[in-house]
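# Per-entry structural report
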Amino acid sequence: MPAGFPSDFPIYPGARLTQAGKFASNGATSWGMGWQTLDSPGRVQQFYAGRLASGDWTLVAHSGNVTATTSYSAKFRRKSDARTSGTLGVAFTGGVAKISLVLSTPN
């Protein structure tokens, strides 16, 4: 994980990190992250729908229902600082659930 990535952000258990980037600009830091898992996309969706609606995170919007041909996306933010926000996507292709994240925090 890149240095400074929020330690309380929920990471899907057993997912393999495949992409990680950190960018600073205009008083904010943004992370672009990607993971993959062989678990069913429905399980991944349930995990994030629950975890991004608890603790210091809240779901702002979410759409879709992960199946073999569709995807799930969620917009979320931190309860304690709405300037920390992001988008999470889950897509299922070739038997692999691909999780993508864009997360921005103030510097």
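Remember, it's a predicted structure, so these values are computed and weren't measured experimentally. (Residues numbered from 1 in each chain as written. Predicted model: local features only at pLDDT ≥ 70, side-chain atom pairs only at ≥ 80, totals over all residues. Heavy atoms only, no water.)

## Section: the confidence of the model for the protein chain
In this model, the protein chain carries a mean pLDDT of 89, and residues with pLDDT of at least 70 account for 93%. Confidence scores differ between elements of the protein chain, with strand 3 (residues 57-64) showing the lowest mean pLDDT of 83 and strand 2 (residues 28-37) the highest of 96. (pLDDT = per-residue confidence, 0-100. Helix = DSSP H or I, 4+ residues; strand = E, 2+ residues; numbered from the N terminus.)

## Section: helix 1 (residues 41-51)
Within helix 1 the residues assigned to the buried category are P41, V44, Q45, F47 and Y48. The buried residues of helix 1 all sit within an arc of 160° when viewed along its axis, so they share a single face. Facing away from the buried side of helix 1 by more than 90 degrees, the exposed set consists of R43 and Q46. (Buried < 20%, exposed > 50% of the residue type's maximum accessible area, 1.4 Å probe, protein only. Arc of directions from axis to C-beta.)

## Quick notes on unusual backbone geometry
Positive phi is not limited to glycine here, since N26 has a value of about 50°. Checked against the element boundaries, N26 lands in the loop between strand 1 (16-25) and strand 2. Relative accessible area serves as the criterion here: at 81%, N26 is assigned to the exposed category.

## Quick look at the environment of T29
Residue placement: T29 occurs in strand 2. A C-alpha to C-alpha distance of 6.2 Å links T29 and P106, two positions 77 residues apart in sequence. Apart from the residues within four sequence positions on either side, T29 is in contact with K22, F23, A24, L103, S104, T105 and N107. Within the structure, T29 has its side chain in polar contact with the side chain of N107 (distance 2.4 Å). (Contact = heavy atoms within 4.5 Å. Polar contact = N/O pair within 3.5 Å; in protein donor to acceptor, adjacent residues only side chain to side chain.)

## Re the pattern of salt bridges
Pairing between side chains of opposite charge can happen when the charged atoms of each approach one another. Overall, the coordinates contain three salt bridges when judged by the stated rule. Here D56 makes a salt bridge to R78, at a shortest N to O gap of 2.8 Å. With D56 in the loop between helix 1 and strand 3 and R78 in strand 4 (residues 71-78), this pair connects stretches of sequence that are 22 residues apart. The partly exposed category is assigned to D56, whose relative accessible area is 22%. (Salt bridge = Lys/Arg side-chain N within 4 Å of Asp/Glu carboxyl O.)

## Points about the pairing of strand 4
Residues Y72, A74, F76 and R78 of strand 4 are buried on one face, while the alternating residues S71, S73, K75 and R77, pointing to the opposite face, are not. Bridge count for strand 4 against strand 5 (residues 85-93) is seven bridges, and the pairing is antiparallel. Bridging from a neighbouring strand, R77 pairs with S85 of strand 5. Hairpin geometry of strand 4 and strand 5 is characterised by an intervening segment of six residues between the two adjacent antiparallel strands. (Pairing = 2+ DSSP bridges.)

## Remarks on the nonpolar core
In this structure, F9, Y48, F76, L88, I99, L101 and L103 are the most contacted members of the largest nonpolar core, which totals 21 residues. At the level of elements, strand 2, helix 1, strand 4, strand 5 and strand 6 (96-106) are the ones that each hand at least two residues to this core. Of the residues forming this core, the biggest block, four residues, is contributed by strand 6. Discounting chain neighbours no more than four positions away, the residues touching L88 are F9, Y48, L52, Y72, S73, A74, F76, I99, S100 and L101. (Core = buried A, V, L, I, M, F, W, Y, C linked by side-chain atoms within 4.5 Å.)

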